[in-house]
Amino acid sequence: MSAKDDLYAREQDRVARFSFDERVVGVFPDMIKRSVPGYTTTIDMIGVLAARYARPGTHLYDLGCSLGAATVAMAALTPADSGTLVGVDNSPAMIERCGELLREQGLADRVALRLGDVAAMDFAATSVAVLNFTLQVIPLAQRDALIKRLAQATVEGGILVLSEKIRFEDPDQDALQRDWHHAFKRNNGYSDLEISQKRNAIEDVLIPETLAEHERRLRDAGYRDVQLWFRCFNFVSLVAVR
Ligand code: GEK
């Protein structure tokens, strides 16, 4: 069980830039479920999609794995010989806790955990790659190259699952969708103060793009079919097939 996220419950003189540190790790499962509409559905369907697309002799990558929720979902629904499962994150605190959780679940031998920057790593032959709300926190300037290298490493018929918070071109639609997202958070017990302090903390860290920008990047990188399989307010998940 993770602790309740109350990191922004008290008024702060100066809200520091958000980082995936020990304090966030301690509350992360609660934070992400109460903040991201459809998070549990994306995790469950990543397992389903991995079962459908994993190929023996390839790799299944969970990029920006945090505490390994998507890794565990893939491990649960794929046989051990269906590819090498690799979880990568550049937060030492996340990787340390993720390793403990995998050991507790008897998955330490099944998953190779790596501390590193997904924008700088090399990918081996890939059948399933997952960026579940990770690309949004990678600097904009690095996104094209990362997706291109992933596409190049992906075997024919392999997939990338890309889940993201998005923005809308039309300012009115963007404001409306953000209002609905904040209503979702309020309904999950976050106060207006928590919502606004978190928004300030994450403003320069989480840079959302439009759905059209994501689709264009995926096609330009060489994915032949791009399907939107999930959307709730300003959160989407896409499957891109190589
Ligand atoms: C989940 N996928 O539970 N390289 C590696 N990891 C990174 C990088 C990078 N360059 N930048 C950020 N991260 C998870 C949720 S959270 C999304 C993903 C969120 C890591 C960062 O340390 C964090 O663990 C994760 O990406 C983003 O399905 O909290 O909004």
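Residues numbered from 1 in each chain as written. Predicted model: local features only at pLDDT ≥ 70, side-chain atom pairs only at ≥ 80, totals over all residues. Heavy atoms only, no water.

**Focus on the sheet that holds strand β6 (residues 225-232)**
Okay, so step 1: Reading across the sheet, the seven strands line up as β3-β2-β1-β4-β5-β7-β6 and stay open at both edges, with mixed pairing between neighbours. Of all the strands in the sheet, the pair left with one neighbour each is β3 (111-115) and β6. Averaged over neighbouring strand pairs, the angle between their axes works out to 15° when direction is ignored.
Okay, so step 2: Bridge count between strand β1 (residues 59-63) and strand β4 (residues 126-132): four bridges; the pairing is parallel. By the bridge assignment for β4, Asp62 is matched with Val130. (Pairing = 2+ DSSP bridges. Helix = DSSP H or I, 4+ residues; strand = E, 2+ residues; numbered from the N terminus. Axes fitted to C-alpha atoms, helices over the stretch in contact; angles between N-to-C directions.)

**Description of the pairing of strand β7 (residues 235-241)**
Okay, so step 1: Where burial is concerned, most of β7 is hidden: seven out of the seven residues are buried.
Okay, so step 2: Taking every second residue as pointing to the same face, both faces of β7 are buried, with Phe235, Ser237, Val239 and Val241 on one and Val236, Leu238 and Ala240 on the other.
Okay, so step 3: In terms of strand pairing, strand β5 (residues 154-165) meets β7 through seven bridges, oriented antiparallel. Bridge assignment links Ser163 to a residue of β7, and that residue is Ser237.
Okay, so step 4: The sheet contact formed by β6 and β7 spans seven bridges and is antiparallel. Paired with Gln227 across the strands is Val239, a residue of β7.
Okay, so step 5: Linking β6 to β7, which pair antiparallel, is a turn of two residues; within it Phe233 sits at a positive phi near 55°. (Buried < 20%, exposed > 50% of the residue type's maximum accessible area, 1.4 Å probe, protein only.)

**Here's the deal with the packing of helix α1 (residues 22-35) against helix α6 (residues 171-187)**
Okay, so step 1: Where α1 contacts α6, the axes come no closer than 8 Å and their chain directions differ by 130°. In terms of axis orientation, α1 runs oblique to α6. Contacts between α1 and α6 involve Lys33, Arg34 and Ser35 from the first element and His181, Phe184 and Lys185 from the second.
Okay, so step 2: Here the contact of α1 with α6 is composed, by residue class, of one nonpolar, two polar and three charged. (Parallel < 35°, antiparallel > 145°, perpendicular 65-115°, else oblique. Contact = heavy atoms within 4.5 Å. Nonpolar A, V, L, I, M, F, W, Y, C, P; charged D, E, K, R; others polar.)

**Looking at the site of the ligand**
Okay, so step 1: As a structural note, the neighbourhood of the ligand is formed by 19 residues, with Tyr39, Gly64, Ser66, Asp89 and Asp117 the closest of them.
Okay, so step 2: In isolation the ligand exposes 650 Å². Once the protein is present, 94% of that is buried.
Okay, so step 3: Of all the elements in the fold, those that place two or more residues in the shell around the ligand are α1 and α2 (39-53).
Okay, so step 4: Taken together, the residues of the shell around the ligand sort by class into nine nonpolar, eight polar and two charged. (Near = heavy atom within 4 Å. Areas by Shrake-Rupley, 256 points an atom, 1.4 Å probe, with all protein chains shown as cover.)

**A few points about unusual backbone geometry**
Okay, so step 1: In this structure, Ser66 is a non-glycine residue whose phi angle is positive, near 50°.
Okay, so step 2: With respect to the element layout, Ser66 can be found in the loop between β1 and α3 (69-77).
Okay, so step 3: Phi at Phe133 is positive, roughly 65°, even though this residue is not glycine.
Okay, so step 4: Tracing the sequence through the fold places Phe133 in the loop between β4 and α5 (140-153).

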